[in-house]
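Chain by chain, the residues:
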Amino acid sequence: LHSPDDVYPGPFTYKRFWFRDAAFIIHALLCAGLTDRAERALARFPARQTALGYFRSQEGEWDANGEVLWILQRFAALTGRPLASEWLGPIRRGARWIMRKRLSDDLNAPHAGLLPPGFSAEHLGPNDYYYWDDFWGIAGLRAAASLLADTDPDRSREFAQAADDFATAVERSLTSCAARLGRPAMPASPYRRLDAGAIGSLACGYPVQLYAADDPRLLDCVAFLLDRCFVNGAFYQDMIHSGLNAYLTLHVAQVLLRAGDPRHLELMDAVAALASPTGQWPEAIHPRTGGGCMGDGHHVWAAAEWLLMMRNCFVREEGARLILCAGIPARWLDQTAPIHFGPAPTTFGAVTIVITPEPNNAPRVDWQGDWHRCAPPIEIRLPGFTPVNPEAGMHTTTLVKLEMDA
């Protein structure tokens, strides 16, 4: 309903286009197997690119180019096919725009080498040097390098080096923040204290996975948010988009899931409890009434994040590995019927998973892949059971209950 041509995040006040919302919504379309619809929406992107390479939906949002390049790379990876040749020019121009937009590395300031101040994801607050923009910029340059690796290796190397240089500037800036704040958690910008806007800095862990799942900066940022910015079990954004936010709560849950932290389920349950009778979420939810208090009542970015959360509970990529079943709640195994999921697109190919509960508490996991090339290394991490790394060629395993320390 919200991707007839352009993708838009709401049926009424948000019936307009943002690259930011579109990237997440199209990612959900791809992960749901709605490839043609996603491709149709992506095909409309180049018309919004300026002559200088800026993918502009709203002026002053410096995250857009990174998001466009990232979702294009996800499209290519999830479908297993290269982009059409007419995309090569927009990719080059989009990546060079990021390179030109960065501030000088020679500035004697915490924002040296970062993107200039903008309002970015507008729930972060007033104009500032947002790490959210920077993480998307790095991800976009890495995506461009990957997309051009076969057709334009010189530009691919140029963009990969540019991504490394950008990442070095961000590392330098974050080091200054850690010294100023006395802890590794990442604020929204080099000049902010830790506040609710720090939620944007989680982008380095989800969705772009620039940082390892156990990176101290990422986990300390989550620790701060859980301690200071959650109300009734959900993330409370107290700037501009004031209210409980379903999709940002799920961003925290995704970081916890990657880290193997079982608290991801508490956040999922909180978001499920906030859903409307039609199974949707307003962009901001009043913590007392439970009703919408900002934005559209059926916010499609929120719906997309719920789909992506469910998908990643069953199957997600972690580098060159495929992780299965890492977010399955124990209560789902209190039944006799098998749990089916898929075929689900992944960067390695489509995978189908069946979890069969057993009376002796030894569930069997079966999987089958229609791989793009060869089968990837697979890890099965069903919570409460000993992790399994199946040998190549295996398609089934019976899990053993994890022995807990006394």
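Residues numbered from 1 in each chain as written. Predicted model: local features only at pLDDT ≥ 70, side-chain atom pairs only at ≥ 80, totals over all residues. Heavy atoms only, no water.

1. What about the side chain of Asp6?
1) Next: Within the secondary structure layout, Asp6 lies in the segment before helix 1 (19-31).
2) Next: At a separation of 2.9 Å, a polar atom in the side chain of Asp6 contacts the side chain of Arg44.
3) Next: A distance of 2.6 Å separates polar atoms of two side chains, one belonging to Asp6 and the other to Arg48. (Helix = DSSP H or I, 4+ residues; strand = E, 2+ residues; numbered from the N terminus. Polar contact = N/O pair within 3.5 Å; in protein donor to acceptor, adjacent residues only side chain to side chain.)

2. Brief notes about the packing of aromatic side chains
Two descriptors summarise a pair of aromatic rings, namely the distance from one centre to the other and the angle between the planes of the rings.
1) Next: The final tally for this structure, using the stated rule, is 20 aromatic pairs.
2) Next: Aromatic side chains Phe230 and Phe235 sit 6.1 Å apart centroid to centroid with 65 degrees between the ring planes, which places their arrangement in the edge-to-face category.
3) Next: Residue class for Phe230 comes out buried when judged on its relative accessible area of 17%.
4) Next: Given a relative accessible area of 0%, Phe235 falls into the buried group.
5) Next: Connected via pairs of aromatic rings, a cluster forms that spans Phe24, Trp70, Trp132, Trp136, Tyr247 and Trp301.
6) Next: Here the guanidinium or amino end of Lys101 rests over the ring plane of Trp62, the centre of that ring lying 4.0 Å away.
7) Next: Sitting over the ring of Phe385, Lys401 keeps its end group 5.1 Å from the ring centre. (Phe/Tyr/Trp six-rings, centres within 6.5 Å; stacked < 30°, edge-to-face > 60°. Buried < 20%, exposed > 50% of the residue type's maximum accessible area, 1.4 Å probe, protein only. Lys NZ or Arg CZ within 6 Å of the ring centre and 35° of its normal.)

3. Observations concerning the side chain of Asn245
1) Next: Of note, Asn245 is situated in the loop between strand 3 (243-244) and helix 8 (246-258).
2) Next: One polar contact links the side chain of Asn245 to the main-chain amide nitrogen of Leu248, over a distance of 2.7 Å.
3) Next: In this view, Asn245 contacts Phe235 and Glu283; residues no more than four positions away in its chain are not counted. (Contact = heavy atoms within 4.5 Å.)

4. Quick notes on helix 4 (residues 88-101)
Every α-helix winds through 3.6 residues per turn, so residues three or four apart in the chain are directed the same way.
1) Next: Across its 14 residues, helix 4 extends 20 Å between first and last C-alpha, which sits within 8% of the 20 Å expected from 1.5 Å per residue.
2) Next: For helix 4, every residue scored as buried is listed here: Leu88, Gly89, Pro90, Ile91, Gly94, Ala95, Trp97 and Ile98.
3) Next: Those residues of helix 4 that are buried lie in contact with helix 3 (64-79), helix 5 (131-147) and helix 6 (153-181). (Expected span 1.5 Å × (residues − 1).)

5. A few points about the sheet that holds strand 7 (residues 321-324)
1) Next: Spatial ordering of the open sheet is given by 6-7-11, a layout of three strands whose pairing is mixed. Of all strands in the sheet, those bounded by a partner on one side alone are strand 6 (315-318) and strand 11 (378-380). Sheet twist, expressed as the mean angle between neighbouring strand axes with direction ignored, is 25 degrees. (Pairing = 2+ DSSP bridges. Axes fitted to C-alpha atoms, helices over the stretch in contact; angles between N-to-C directions.)

6. Concerning the sheet that holds strand 10 (residues 364-371)
1) Next: Spatially, the four strands line up as an open sheet ordered 8-9-10-12, and their pairing is antiparallel. Unpaired on one side and paired on the other, strand 8 (339-344) and strand 12 (396-398) mark the two borders of the sheet. Neighbouring strand axes in the sheet, compared pairwise and without regard to direction, differ in orientation by 10 degrees on average.
2) Next: Bridging between strand 10 and strand 12 involves three bridges; their strand directions are antiparallel. Each residue of the ladder has a partner; that of Asp366, found in strand 12, is Thr396.

7. A word on unusual backbone geometry
Most peptide bonds take the trans form, and the phi angle of most residues other than glycine is negative.
1) Next: Omega for the peptide link from Tyr206 to Pro207 comes to 10 degrees, which places this bond in the cis form.
2) Next: Backbone torsion omega between Gly342 and Pro343 reads 5 degrees, so that peptide bond is classified as cis.
3) Next: At Asn232, a position not held by glycine, the phi torsion is positive, near 55 degrees.
4) Next: Counting through the fold element by element, Asn232 comes out in the loop between strand 1 (230-231) and strand 2 (234-237).
5) Next: The backbone of Ile240 shows a phi angle near 65 degrees, a positive value even though the residue is not glycine.

8. Describing the environment of Leu148
1) Next: By the secondary structure assignment, Leu148 is in the loop between helix 5 and helix 6.
2) Next: Under the relative-accessibility criterion, Leu148 is labelled buried at 0%.
3) Next: Separated by 249 residues in sequence, Leu148 and Thr397 have C-alpha atoms that sit 39 Å apart.
4) Next: Every residue in contact with Leu148, bar those within four places of it in the chain, is listed here: Leu88, Ile91, Arg92, Pro153, Arg155, Ser156 and Phe159.

9. Quick word on the nonpolar core
1) Next: Judged by nonpolar contacts, the single largest core of 110 residues is most densely connected at Ile26, Phe45 and Leu225.
2) Next: With residues up to four places along the chain from it excluded, the contact list for Ile26 reads Val7, Ala38, Ala41, Leu42, Phe45 and Ile71.
3) Next: Grouped together as the second largest cluster of nonpolar side chains are 23 residues, Ala344, Val351, Ile353 and Val365 included. (Core = buried A, V, L, I, M, F, W, Y, C linked by side-chain atoms within 4.5 Å.)

10. Structural notes on the pattern of salt bridges
1) Next: Taken as a whole, this structure holds 26 salt bridges when the rule is applied.
2) Next: Of the charged contacts in the structure, one is a salt bridge between Asp164 and Arg142, with a shortest N-O distance of 3.0 Å. Of this pair, Asp164 sits in helix 6 while Arg142 is found in helix 5, placing the two residues 22 residues apart along the sequence.
3) Next: Among the ionic pairs, Arg217 bridges to Glu171, the shortest N-O distance being 2.6 Å. Linking Arg217 in helix 7 (residues 216-228) with Glu171 in helix 6, this pair joins segments that are 46 residues apart in sequence.
4) Next: We classify Arg217 as buried; its relative accessible area is 19%.
5) Next: One network of salt bridges, with partners in common, ties together Asp6, Arg44 and Arg48. (Salt bridge = Lys/Arg side-chain N within 4 Å of Asp/Glu carboxyl O.)

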